[in-house]
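# Breakdown of the fold
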Amino acid sequence: MEASQRDKPLYNSRIINSFILLIKHKYSHVDIAELLEYAGMKEYEVADQAHWFSQTQVDRFYEKLLQMTGNPRIAREAGRYAASPDVLGAMRQYILGLVDASSTFEIISKATANFTRSTSYRSRRLASNSVEITVTPVDGEMEQQYQCENRIGFFEAIVLMFNHKLTDLQYFPEIRHLPTIQQPECVFRGDPVCRYVVTWEKSAYTYLKKLRNTLVPTLALLNIALVVAGMASGYALLGSLVLLLLVALAAETSEKRAVKDSLSSTKDSIDNLLELIDLNYNTAMLTNEIGQRLGNFTRIEEMLVDVADIMQRRLEYDRGAIFLADGNSGRLELRASYGYGARELECLNGLSLHLDKNGAGRDVYVACFNEKRPFLINDLEREQETLGRRTLACAVKNGTRSFICCPITSEGMSIGVLTAENVRSKRPLVERDVSLMMGTASVIGISYRNCELIGALEQAKEDLEARVVERTADLELSRKKVELQHEELSRTLFELEEETAQRLKALEELGEKERMLLQQSRLAALGEMISNIAHQWRQPLNELGLIVQEMPVMYDHGSFTRDYLNDSVARFMKVLNHTSRTIDDFRNFFRPDKATAPFKVVEVVGRTLSLVQDSFRHLQIDVALNAVDDLVVTGHQNEFSQAILNILFNARDAFLDRKVERRIITITVKKEGGYAAVRIRDNAGGVPEEIMDRIFDPYFTTRGPEQGTGIGLYMSKVIIEKNIPGRLTVHNVDRGAEFTIEVPIG
């Protein structure tokens, strides 16, 4: 059976109650509290005949009980014990209201539905003292074998209830004439159902009834035979009639006695039912009366006093109290009560119930308020940890026997606590009492909120009236000011239009300035590129010169052959093609990007390096590209390339200014989160901390106006963060600085 099925409520608390009563009768050494705690049951749940337990709970209960008693037949004994006078409840109400055991078994399918939901029962009469009962699992529910044993004991108890005087029964193992129960089919032997055949001794009423029915034809035939034989006499006929009347009278007397016992049991059942109806009536009247009357209150104090009065008249608890949270003191304060004397109220008021979690120890009132759940306590000593030291002392001092504490909530927030106590009543509190108190607390919470709203509405009404009077007095003054304000507004509107036009002009100028700065940055880069072009072309031009100079020499030596000419032309064209590609690289770099487009970061970085590799090599600057991931981003790739180029030039200038001997630049491309990160690290000594915040400012440079414009890094920042867009940051690392470009992938 799945865990969800095992946690369904399947077994009525009256089944567990029969076990508890048996334990108290025979196994007094068993700690019932420990047993119930292990099974996950509460004492008040067992006492509540409307409560149901799950398969998991009853399995744990039996497991622990078997361990504590050491009796493997404890389940069957508990089933038999259901016929004991100690077992008061619905089981006897259903059974003893019938005439005999046979009648009981005929309605067992209806009766057992009040005790278990895991199986269905069907009975069939075999004889006047024998029935067949078929038990079928419901919806795949699977009981345990001990529950089958308990069922057999229960069937034995049904018969024993009618065949023995209940007041004479002590404990069932001493009974000699138990009914015979056969089990031809059993689920635990692999059968689909459990089938039981119950046979018991016939009652005196059964024998007398059978004797009466037999005597009528027998005596009639005997008297007819005597008449035919001529031996008939008045004495014989009279004797036959007397005998028949005596047997009929005995049978009638026995039947009336059974009916009388049945009516007596039915009367007890009706009395219990009337008591329950009276309780339900008071509950319904309580809810109705609170709902009707509390809606008319606008003051919280009046409402609370009336609630206490209704509870005293309608509830069966000896006394009760209403605590509400005080926002100023941060404590629960007693606001209304009933049934308490002056001494008891003094004890309650002295509890000092602080609502903060750092208060002095645990208290049931504070726990109920903070956790928004009810507490039910029938044994104060056993639950002293839950009650709290001060509350326990107060309860003992006030003579409290049992206790219920429920949270009062409004719109999901705790606003107070409702309590009820029993002092004289010995009836244990059960879940039904918790439900009743929770319903009452809910109505109080709604009424409290209504009082707050009505009070706030009245206050708002008073404030509104005062404001209307005040506003009326101000209207005349305001009217006079309107004309002045109108003139001022007209003047302000004109100024606002002028300011708006100036702002638009400033924005246009700012955009133009950025375009000029970008062009200026490109022109500055162009100057750098001219130097790079010189470095890029110097080696190819030298190589072309050598090829041309070599031709006359080869001709003079007579080695100017067709093969030599072809080889020289091939080398010449290779150098020309390389030079042509260099021209394309520089031309593409300065071609403006008209629209954003996807591009591979590694390819753009590689092309950028190709523009400066010869000049950097001439300056003894080693550049290493470490491409961890092949990433694609969207943007203007030429502007992206220019941003990288500006950072590289910045590193180059730092190397030259600081005369660094071993010059290394490392470029790393990898994925970091959802971004493509390009990290450019150098060993040029880093950025001084005092200028770290200004390094991206326009026209800021540490080299002087004759050596730098100060717009390279500024334009890199603009390109990356406005045009791409992405992020450009810098921080110092070991012996240098590291610039990080982060662009969203895709």
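Criteria and thresholds
- Residues numbered from 1 in each chain as written.
- Predicted model: local features only at pLDDT ≥ 70, side-chain atom pairs only at ≥ 80, totals over all residues.
- Heavy atoms only, no water.
- Core = buried A, V, L, I, M, F, W, Y, C linked by side-chain atoms within 4.5 Å.
- Buried < 20%, exposed > 50% of the residue type's maximum accessible area, 1.4 Å probe, protein only.
- Helix = DSSP H or I, 4+ residues; strand = E, 2+ residues; numbered from the N terminus.
- Contact = heavy atoms within 4.5 Å.
- Expected span 1.5 Å × (residues − 1).
- Patch = residues over 30% accessible without salt bridge, like charges linked within 9 Å, V, L, I, M, F, W, Y side chains within 5 Å.
- Areas by Shrake-Rupley, 256 points an atom, 1.4 Å probe, with all protein chains shown as cover.
- Salt bridge = Lys/Arg side-chain N within 4 Å of Asp/Glu carboxyl O.
- Lys, Arg positive; Asp, Glu negative; His and termini not counted.
- Charge placed at Lys NZ, Arg CZ, Asp CG, Glu CD.
- 1 Å grid on protein atoms, 1.4 Å probe; cavity = no way out; pocket = protein on both sides within 12 Å on 5 of 7 lines; lining within 4 Å.
- Points joined across faces, edges and corners; volume = space filled by probe spheres on them.
- Nonpolar A, V, L, I, M, F, W, Y, C, P; charged D, E, K, R; others polar.
- Pairing = 2+ DSSP bridges.
- Axes fitted to C-alpha atoms, helices over the stretch in contact; angles between N-to-C directions.

## Structural notes on the nonpolar core
Among the nonpolar cores identified, the biggest contains 45 residues, and Phe-640, Leu-648, Ile-665 and Ile-741 are the most heavily contacted of them. Counting residues per element, the ones that place at least two in this core are helix H20 (601–618), helix H21 (637–658), strand E16 (663–672), strand E17 (675–682), helix H22 (712–723), strand E18 (727–733) and strand E19 (736–744). With 10 residues, H21 is the largest single contributor of residues to this core. In this structure Ile-665 touches Phe-616, Ile-621, Asp-622, Val-623, Ala-624, Leu-648, Ala-651, Phe-655, Ile-680, Arg-681 and Asp-682, once residues within four positions along its chain are discounted.

## Observations regarding helix H13 (residues 300–314)
Between the first and last C-alpha of H13 there are 21 Å, a value that for 15 residues agrees with the 21 Å anticipated at 1.5 Å per step. Three or more residues of H13 are buried, namely Ile-300, Met-303, Leu-304, Asp-306, Val-307, Ala-308, Ile-310 and Met-311.

## Side note on a negative patch on the surface
On the surface, Glu-689, Glu-690, Asp-693 and Asp-697 cluster together into a negatively charged patch. By secondary structure assignment, the location of Asp-697 is in the loop between E17 and H22. Accessibility expressed as a relative area gives 33% for Asp-697, which makes it partly exposed.

## Structural notes on empty space enclosed by the protein
In this approach the atoms are scanned with a rolling probe the size of a water molecule, which exposes any empty space left behind. A complete count under the given rule lists four cavities of 30 Å³ or more for this structure. Its volume calculated, the largest cavity comes out at about 380 Å³. Surrounding the largest cavity, 24 residues form its lining, Ile-15, Tyr-121, Gln-147, Asn-150 and Arg-151 being those nearest its centre. The leading source of residues in the lining of the largest cavity is helix H10 (residues 145–163), at five residues. Among the residues forming the lining of the largest cavity, the class breakdown is 14 nonpolar, eight polar and two charged. In terms of lining, the second largest cavity is formed by 11 residues, of which the most central are Thr-119, Pro-137, Glu-143, Arg-151 and Val-187. In terms of residues, the lining of the second largest cavity owes the most to one element, strand E4 (residues 130–137), which gives three residues. Of the residues that constitute the lining of the second largest cavity, the class distribution is six nonpolar, two polar and three charged.

## Concerning the pattern of salt bridges
With the rule as written, the count across this model stands at 19 salt bridges. Note that Glu-132 is salt-bridged to Arg-124, the shortest N-O span being 3.1 Å. Relative accessible area serves as the criterion here: at 41%, Arg-124 is assigned to the partly exposed category. One salt bridge connects Arg-681 with Glu-738, and the closest N-O pair in it is separated by 3.0 Å. Taken together, the residues span a long stretch of sequence, with Arg-681 in strand E17 and Glu-738 in strand E19 at a distance of 57 residues. Overall, the relative accessible area of 37% leaves Arg-681 in the partly exposed class. Taking the relative accessible area as the measure of exposure, Glu-738 reaches 6% and is therefore buried. Among the ionic contacts, a cluster of salt bridges with common partners joins Lys-670, Glu-672, Arg-679, Arg-681 and Glu-738.

## Some remarks on the sheet that holds E18
The sheet built from five strands is open, its strands ordered E14-E16-E17-E19-E18 with mixed pairing. Sheet topology places strand E14 (621–627) and E18 at the edges, where each strand pairs with a single neighbour. Averaged over all neighbouring strand pairs, the angle between strand axes comes to 15°, with direction disregarded. Relative to E19, E17 is paired through seven bridges, and the arrangement is antiparallel. Considered in E19, the bridge of Val-678 is made with Ile-741. In the packing of H21 onto the sheet, the strands contacted are E14, E16, E17, E18 and E19, and the crossing angle to E16 comes to about 150°. H22 contacts E18 and E19 of the sheet and is inclined by roughly 130° relative to E18.

## What about the pairing of strand E6 (residues 194–199)?
Both E4 and E6 contribute to a ladder of six bridges, which runs antiparallel. Its bridge partner being in E6, Val-131 is matched across the sheet by Val-198.

## A closer look at the sheet that holds strand E12 (residues 413–422)
One key point about sheets: their strands pair by backbone hydrogen bonds, in either a parallel or an antiparallel sense. The strand order across the open sheet formed by six strands is E9-E8-E7-E12-E11-E10, and the pairing between neighbours is antiparallel. Only two strands of the sheet have a single partner each, and these edge strands are strand E9 (353–354) and strand E10 (375–377). Pairing geometry for strand E7 (residues 319–326) and E12, over six bridges, is antiparallel. Looking at E12, one finds that Ala-321 is bridged to Thr-419. Together, E7, strand E8 (331–338) and E12 form the strand contacts of H13, whose direction differs from that of E8 by roughly 50°. Lying over the sheet, helix H14 (residues 342–349) contacts E7 and E8, oriented at roughly 160° with respect to E8.

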